[in-house]
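Residue strings, one per chain:
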Amino acid sequence: MTIAVEKVLYTAHATAHGGRDGKVATNDGKLDVTVAPPVEMGGNGQGTNPEQLFAAGYAACFHSALKVVARRARQDADGSTVTAEVGIGPINGGAGYGLEVALVVSLPGVERAVAEELVAKAHEVCPYSNATRGNIKVDLEVE
C-alpha cells in the first residue's frame, strides 16, 4: 500500500556527487558533507556514510514524534533520547543490499509500560517509520 501525503508541508533537496565516495549537499547550503564508505565496507572511513545520515534523520524524526505523543498523553518526555542504529548488508544471496534499524529509546521517569505505549504510538506518527514500515526490519527497544 502506498501512503500518499495529503499536503506537502516542506520538501528537502540534496544532491550527491560521487555516490558513496563523494559529496552530498543541500540546496540551501545547511548540509555539505564528504561521504565515504565505512572501513567495514572497504572504505577509508574518512567521511560520513549514508547510513549515518539516515540514522541521524530517523533518530531526530522519531524523537519529535515521541515528544508529540508524550505531550498528548500528558507524559513528561524531558531528558528522553532516541538512538538509531542502522545496519547495512547483503540481501537476496548478495544480489543487492538492504537496511535494518533498531531504535533505542530512553524515557527517564516514565513507567516502562507507559514508555512502551508511547514508543509504539510514536512509531505510528513518525514519517520515517511510515516510510520504512513493511520495507525494512525496524526494532523498537525501550531502555
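Above this text is the structure in question.
It should be emphasised that the depicted structure is a prediction, and the values quoted were computed from it without experimental measurement.

**Some remarks on the packing of helix H1 (residues 50-72) against helix H2 (residues 112-125)**
Two elements in contact, H1 and H2, have axes separated by 8 Å at closest approach and are oriented at 120°. In terms of axis orientation, H1 runs oblique to H2. The hand of the H1/H2 crossing is right-handed. For the pair formed by H1 and H2, the contact residues are Tyr58, Phe62, Ala65, Leu66, Val69, Ala70 and Arg72 on the first element and Leu118, Val119, Lys121, Ala122, His123 and Val125 on the second.

**Brief notes about the pattern of salt bridges**
Between side chains of opposite charge, pairing is possible as soon as their charged atoms come close. Evaluation of the coordinates by the stated rule reveals six salt bridges. In this structure, Glu117 and Lys121 form a salt bridge, with 3.2 Å as the shortest nitrogen-oxygen distance. In this pair, Glu117 and Lys121 are both assigned in helix H2, four residues apart and thus about one turn of the helix distant.

**So, unusual backbone geometry**
Phi at Arg74 takes a positive value of approximately 55°, unusual for a residue other than glycine. Structurally, the position occupied by Arg74 is in the loop between H1 and strand E4 (81-91). Its relative accessible area of 76% is what places Arg74 among the exposed residues. Residue Asn92 is not a glycine yet carries a positive backbone phi of 50°. According to the relative accessible area criterion, Asn92 is exposed, its value standing at 65%.

**Comments concerning the sheet that holds strand E1 (residues 14-17)**
What links the strands of a sheet is backbone hydrogen bonding, and the strands pair in either a parallel or an antiparallel sense. Reading across from one edge, E1-E2-E3 is the order of the three strands in this open sheet, with antiparallel pairing throughout. Taken across any chain shown, the strands that pair with only one partner, and hence form the sheet edges, are E1 and strand E3 (32-35). Taken over all neighbouring pairs, the strand axes of this sheet differ in orientation by 15° on average, direction set aside. Pairing of E1 with strand E2 (residues 22-26), which is carried by four bridges, proceeds in the antiparallel orientation. Bridge pairing in E2 places His17 opposite Lys23.

**Thoughts on the state of the cysteines**
Tallied over the entire structure, the rule returns zero disulfides. This cysteine, Cys61, is not joined by any disulfide, and Cys126 carries the nearest cysteine sulfur, 3.5 Å off.

About the thresholds
Residues numbered from 1 in each chain as written. Predicted model: local features only at pLDDT ≥ 70, side-chain atom pairs only at ≥ 80, totals over all residues. Heavy atoms only, no water. Axes fitted to C-alpha atoms, helices over the stretch in contact; angles between N-to-C directions. Helix = DSSP H or I, 4+ residues; strand = E, 2+ residues; numbered from the N terminus. Parallel < 35°, antiparallel > 145°, perpendicular 65-115°, else oblique. Left-handed = near helix turned anticlockwise from the far one by under 90°. Contact = heavy atoms within 4.5 Å. Salt bridge = Lys/Arg side-chain N within 4 Å of Asp/Glu carboxyl O. Buried < 20%, exposed > 50% of the residue type's maximum accessible area, 1.4 Å probe, protein only. Pairing = 2+ DSSP bridges. Disulfide = S-S within 2.5 Å.

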